[in-house]
Amino acid sequence: MDALFWARLQFAVTTVYHFFFVPLTLGLAVFVALMQTRYYRSGKEEDKQLTQFWGKLFLINFAMGVVTGIVQEFQFGMNWSEYSRFVGDIFGAPLAIEALLAFFVESTFLGVWFFGWDKLPKGIHLASIWLVAIGSMLSALWILIANSFMQQPVGFVLRNGRAEMTDFFALLTNPNVLTQFPHVFFSGVATAGFFVLGISVWHLAHKSNVEIFKRSFQYATLYALIGIVLVALIGHSQAQHMVQTQPMKMAAAEGLYESEDPAPFSLLTIGSLDGRSEVFSIRLPNLLSLLSYNQLTGEVKGLNDLQAEYTKKYGAGDYLPPVPWIYWSFRIMVGAGMLMGVLAFACLYLAMQNKIDANMRYLQWLPYAILLPYVANSAGWIMTELGRQPWLVFGLMRTEQGVSLAVSGGAVLISLVLFTLVYGALMGADIFLLKKYATTDPAKIAEAVGAY
Amino acid sequence: MDLNTLWFILIAVLFAGFFFLEGFDYGVGILLPWLGKDDDERRIIINTIGPFWDGNEVWLLTAGGAIFAAFPNWYATMFSGFYLALVLMLIALIMRGVAFEFRSKDKRPGWRNFWDWSICLGSLVPALLWGVAFGNVLRGVPIDAKMQYTGDFFGLLNPYALLTGVYGLVLIVLHGAIYLTLKTEGTVMEHAHALALKLWLPAVVLLFAALGASYMATDMYTKLGVNPGVIPILGGAALLSVSWFLRNQRAGWAFVMTALTLITTVFTIFLTLFPRVLVSSTDPAKLSLTIYNASSSPYTLTVMTIVALIFVPIVLIYQGWTYYVFRQRVGKNSLVH
């Protein structure tokens, strides 16, 4: 195994790990801000308790997101130096702007919010949590602008042996980011929705603070529902965009080897072990064409035809991504999402019919559903990034061309082992604290704010 | 002045801001287990930087991002070349950041002690490594014609770079001790004050040793001349005055002086470097990375300049405001149990 392999594995491990924390930060920041807005208006103690209870869990999660994010910013230079040279003229800008515009806002106002409960006028204190929420959204936006360049390069010219920016505005309005950002944001809303839902149910099942957590349950149901419905709708237009710009990714996600018109949707496809051919498949006729073009017909290109097309365009080479990974991560993402949709609608029904208590023997399992959005989020990124392979920047640079030349495989292996050990231990500590505070009486949490 | 020079200055300013601000919270972090005799004292110490440390750290991330955006080749060569050192630094920063948030969330002494030492070591490692890194950038590291670092990890640990590393570390601890003198009361303040007085002389000795070594090990002499100029002299004088201010109970001024020393140290390094950003010891004249051969295109530099001119002042205003909001000293009565 060489430096390339370890560097890819390390990037995968650290990125998926980082993204355990990001969606919850995105969704929970807005949720806490909404709770505090209620408190600002009502002045009621229970609204304050709700704000501080969810705020505490938000802080624990936020810390993990921040520290694992630092690794991401450094890793491009450390492990992908040739990539950084090639696209630095374009890719560096959104990262720097993210720090300057978003990260400063987030970090500074989080400190203000946490330490400012008794020191600031209520309105300014409320504004500070909204600034944290907006800062984390902007942060995600700039990172996705950078990522979108890798999926669909725009606003550049090849000059001086590298990609140079020619149109900053094109970078900002990259069609890829226009669907990717809302998809990521609302997946954060859904993640936070299920997080709050699961913990609220735990309290209801244990008859602790029933009034407060019944309200949380209702808010979270609505929040999760909004999140999951919008994620699905935006995901749909994202997939249609993908058919246009990264057809190989879509073909892999469907295990579609030959182009077809009308194209069927795969219910189950088993391929050969190397992912190069189809062995067995159950398909629903016309559905993929319908999903791709909103009509019953329309050609969806298959892997083999795209391989031939790309060989002609980019020269001899293997342009297939690791098909089974893309196929299954796509299905895991969509499957987890659909399950979340069903659960959220069921919760809505129970809340509206006032049947929460009567169904507690089913609902008590809901805390485990907190894992569903995590599965879906990780699978989504694995599909997006592995589906881009063999490209590092689509059509411009292959992954093996981007790896650092000055870093040996042994050095990357050392760092991979270290990061994995530290990340593993921190995950244990994080889950321990989240569990501890998720099952604490909100009145007790409210006593201990304003200092470490 | 061209945009390349402007970005060189801006990155120097970002690093100066980083060492000034994160300098004291590294210093406070390093001192935490030593000065905090019991849990209350430790919480007082942490709470002096509680609202600020995260915002301060963003100065580093912004400096990193600015290097990437403005000088991608500098970012690529330095970050891949200093690989293992940066891995150590990242792990230190991870442990430190998490520790602030985690340590008070459980009452077990073992738990708190573990995170307190994480804060200490997590502050010490980067405080030391930044000095080592800048020592190497200035002294030169082996870089070939393809802008690739050809040395190894242990090559970075040469005596000169270790000296600049220790100088940076001691200056940062002194800066932190003075900050604690300013922001606490009672025994913590007294101990911090006494420690600052003790650290002053070693810091002065190290400053002059590092300056002298720089004249020998780097081309500071050809760059700055016998008389190094206003900026380094100001830094030296500021550090010399610290002891007087401390003895006369003017910790505020002492803090301004260590801040000045940190800032002028960064500026002296960048002045000596200019127009290079990373000196090649293989062939300093031909293979060094400069603000021209390492830079982004004029278009990107223009875009980034506009963004920076709008947003840097805004950041300064609201960060300054937070220091005003939390300007009070932290004492036992401000802790919540």
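Every value quoted in this text rests on a predicted model; they were computed, and no experiment measured them.

Caption draft 1: Layout of the overall build of chain B. When helices and strands are counted, chain B shows 13 helices and 2 strands. Relative to a compact globule of 337 residues, whose C-alpha radius of gyration would be 20 Å, chain B shows 20 Å and is just as compact. In terms of overall dimensions, chain B has C-alpha extents of about 60 × 40 × 40 Å along its principal axes. For chain B, long-range pairs separated by at least 24 residues make up 79% of all intrachain contacts whose partners lie at least 6 apart in sequence. For chain B, the separation between the mean place of its 21 positive charges and that of its 18 negative charges on side chains is 4 Å.

Caption draft 2: Expanded view of the nonpolar core. Membership of the largest hydrophobic core comes to 250 residues, with the highest contact counts inside it found for Trp-54, Tyr-83, Phe-195 and Phe-217 of chain A together with Phe-15, Trp-74 and Trp-130 of chain B. Ranked by the residues each element gives to this core, the list is headed by helix 3 (residues 81–115) of chain A, at 20 residues. Contacts of Tyr-83 of chain A, omitting those with residues within four sequence positions, involve Phe-76, Gly-88, Phe-91, Met-150, Leu-392, Val-393, Met-397 and Gly-402 of chain A. Counting 28 residues, the second largest nonpolar core, distinct from the first, contains Ala-263, Leu-306, Leu-320 and Ala-379 of chain A.

Caption draft 3: A look at the packing of helix 1 (residues 3–35) of chain B against helix 11 (residues 251–273) of chain B. All names here are of chain B. Running from N to C, helix 1 and helix 11 cross one another at 150°; their axes reach a closest spacing of 9 Å. The angle between helix 1 and helix 11 places the two elements in the roughly antiparallel class. The hand of the helix 1/helix 11 crossing is right-handed. For the pair helix 1 and helix 11, the contacting residues are Phe-8, Ile-11, Ala-12, Val-13, Phe-15, Ala-16, Phe-19, Phe-20 and Phe-24 in the first and Phe-255, Ala-259, Leu-262, Ile-263, Val-266, Phe-267, Phe-270 and Leu-273 in the second. In the contact of helix 1 with helix 11, the residues fall into 17 nonpolar, no polar and no charged.

Caption draft 4: Structural view of the domain arrangement of chain A. Residue and element names in this part refer to chain A. Split by domain assignment, chain A resolves into domain 1 (3–244 + 325–450) and domain 2 (247–321). Relative to domain 2, the C-alpha centre of domain 1 lies at a distance of 30 Å. With 23 residues of domain 1 in contact, the opposing surface of domain 2 contributes 23 residues. Taking both sides of the interface into account, the surface hidden between domain 1 and domain 2 amounts to around 1,900 Å²; carbon and sulfur atoms contribute 61%. Taken as a group, Met-242, Val-243 and Tyr-327 account for 30% of the area that domain 1 buries against domain 2, more than any other trio of residues on that side. With a shortest N-O distance of 3.2 Å, Glu-254 and Arg-331 are connected by a salt bridge. The set of elements that each furnish at least two residues to the side of domain 1 that touches domain 2 consists of helix 7 (210–245), helix 11 (323–352) and helix 13 (371–386). For the side of domain 1 that touches domain 2, the residue count by class is 12 nonpolar, 8 polar and 3 charged.

Caption draft 5: Representation of the pattern of salt bridges in the model. Residue and element names in this part refer to chain B. Taken as a whole, this structure holds 22 salt bridges over all chains when the rule is applied. Of the charged contacts in the structure, one is a salt bridge between Glu-57 and Arg-96, with a shortest N-O distance of 3.7 Å. Of this pair, Glu-57 sits in helix 3 (residues 53–70) while Arg-96 sits in helix 5 (residues 83–102), and the two are 39 residues apart along the sequence. Accessibility classification places Glu-57 together with Arg-96 in one group, the buried group. Each of Asp-39, Arg-42, Arg-103, Arg-112 and Asp-116 takes part in a single network of salt bridges with overlapping partners.

Caption draft 6: View of the packing of helix 3 of chain A against helix 3 of chain B. At a minimum axis distance of 7 Å, the contact between helix 3 of chain A and helix 3 of chain B shows a crossing angle of 165°. If you check the angle between helix 3 of chain A and helix 3 of chain B, you find them roughly antiparallel. As helix 3 of chain A packs across helix 3 of chain B, the resulting crossing turns out to be left-handed. Among the residues making up the contact of helix 3 of chain A with helix 3 of chain B, the classes are represented as 14 nonpolar, 8 polar and 1 charged.

Caption draft 7: Structural context of the confidence of the model for chain B. Mean pLDDT for chain B: 93, with 99% of residues reaching 70 or above. Confidence metrics for the complex model read pTM 0.93 and ipTM 0.92.

Caption draft 8: Summary view of the environment of Pro-275 of chain B. All names here are of chain B. Inspection of the secondary structure assignment puts Pro-275 in the loop between helix 11 and strand 1 (276–278). Once the C-alpha coordinates of Pro-275 and Phe-8 are considered, the two residues, 267 residues apart in sequence, prove to be 8.1 Å apart. The contact partners of Pro-275, leaving out residues within four places of it in the chain, are Lys-223, Thr-290 and Ile-291.

Caption draft 9: Highlighting a nonpolar patch on the surface. Residue and element names in this part refer to chain A. On the surface, Leu-267, Ile-270, Val-279, Phe-280, Ile-282, Leu-284, Trp-328, Ile-332, Leu-371 and Val-375 cluster together into a nonpolar patch covering about 900 Å² of accessible area. Listed by contribution, the elements that provide at least two residues to the nonpolar patch are strand 3 (265–271), strand 4 (278–284), helix 11 and helix 13. Per element, the largest residue contribution to the nonpolar patch is 4 residues, and it comes from strand 4. Inspection of the secondary structure assignment puts Ile-282 in strand 4.

Caption draft 10: Structural context of the side chain of Thr-14 of chain A. Residue and element names in this part refer to chain A. With respect to the helices, strands and loops of the structure, Thr-14 is situated in helix 1 (residues 3–42). A distance of 2.7 Å separates a polar atom in the side chain of Thr-14 from the backbone oxygen of Gln-10. What Thr-14 contacts, discounting residues up to four positions off in sequence, is Val-71, Gln-72, Gln-75 and Tyr-423.

Caption draft 11: Inspection of unusual backbone geometry at higher detail. Of note, the bond from Asp-261 of chain A into Pro-262 of chain A is cis; its omega dihedral lies within 30 degrees of zero at 0°. Tracing the sequence through the fold places Pro-262 of chain A in the loop between helix 8 (247–254) and strand 3. The omega torsion across Phe-274 of chain B and Pro-275 of chain B is 0°, close enough to zero to call that bond cis. For Asn-160 of chain A, which is not glycine, the phi dihedral falls at a positive 55°. Inspection of the secondary structure puts Asn-160 of chain A in the loop between strand 1 (156–159) and strand 2 (162–165). Here Asn-209 of chain A, not a glycine, exhibits a phi torsion of approximately 45°, which is positive. Mapped onto the elements, Asn-209 of chain A comes out in the loop between helix 6 (175–205) and helix 7. You can call Asn-209 of chain A partly exposed: its relative accessible area is 26%.

Caption draft 12: Examining the interface of chain B and chain A more closely. Counting from both sides, the interface comprises 71 residues of chain B and, opposite them, 75 residues of chain A. Counting each side, the surface lost to burial between chain B and chain A is near 6,500 Å², with a carbon and sulfur contribution of 74%. By the criterion of area lost to chain A, the three top residues of chain B are Phe-68, Tyr-83 and Lys-105 of chain B, representing 11% of everything that side buries. Applying the counting criterion to the chain B and chain A interface returns 1 salt bridge. One salt bridge in this structure joins Asp-106 of chain B and Lys-436 of chain A, with 2.8 Å as the shortest N-O distance. Counting every contact that joins chain B to chain A gives 22 residue pairs in polar contact (both at pLDDT 80 or more). Taken together, the residues of the side of chain B that touches chain A break down into 43 nonpolar, 20 polar and 8 charged.

About the cut-offs
- Residues numbered from 1 in each chain as written.
- Chains lettered and ligands numbered in written order.
- Predicted model: local features only at pLDDT ≥ 70, side-chain atom pairs only at ≥ 80, totals over all residues.
- Heavy atoms only, no water.
- Helix = DSSP H or I, 4+ residues; strand = E, 2+ residues; numbered from the N terminus.
- Rg over C-alpha atoms; globule rule 2.2 N^0.38 Å.
- Contact = heavy atoms within 4.5 Å.
- Lys, Arg positive; Asp, Glu negative; His and termini not counted.
- Charge placed at Lys NZ, Arg CZ, Asp CG, Glu CD.
- Core = buried A, V, L, I, M, F, W, Y, C linked by side-chain atoms within 4.5 Å.
- Buried < 20%, exposed > 50% of the residue type's maximum accessible area, 1.4 Å probe, protein only.
- Axes fitted to C-alpha atoms, helices over the stretch in contact; angles between N-to-C directions.
- Parallel < 35°, antiparallel > 145°, perpendicular 65-115°, else oblique.
- Left-handed = near helix turned anticlockwise from the far one by under 90°.
- Nonpolar A, V, L, I, M, F, W, Y, C, P; charged D, E, K, R; others polar.
- Domains from an automatic or database assignment.
- Buried area = accessible area lost by both parts, 1.4 Å probe.
- Salt bridge = Lys/Arg side-chain N within 4 Å of Asp/Glu carboxyl O.
- pLDDT = per-residue confidence, 0-100.
- Patch = residues over 30% accessible without salt bridge, like charges linked within 9 Å, V, L, I, M, F, W, Y side chains within 5 Å.
- Areas by Shrake-Rupley, 256 points an atom, 1.4 Å probe, with all protein chains shown as cover.
- Polar contact = N/O pair within 3.5 Å; in protein donor to acceptor, adjacent residues only side chain to side chain.

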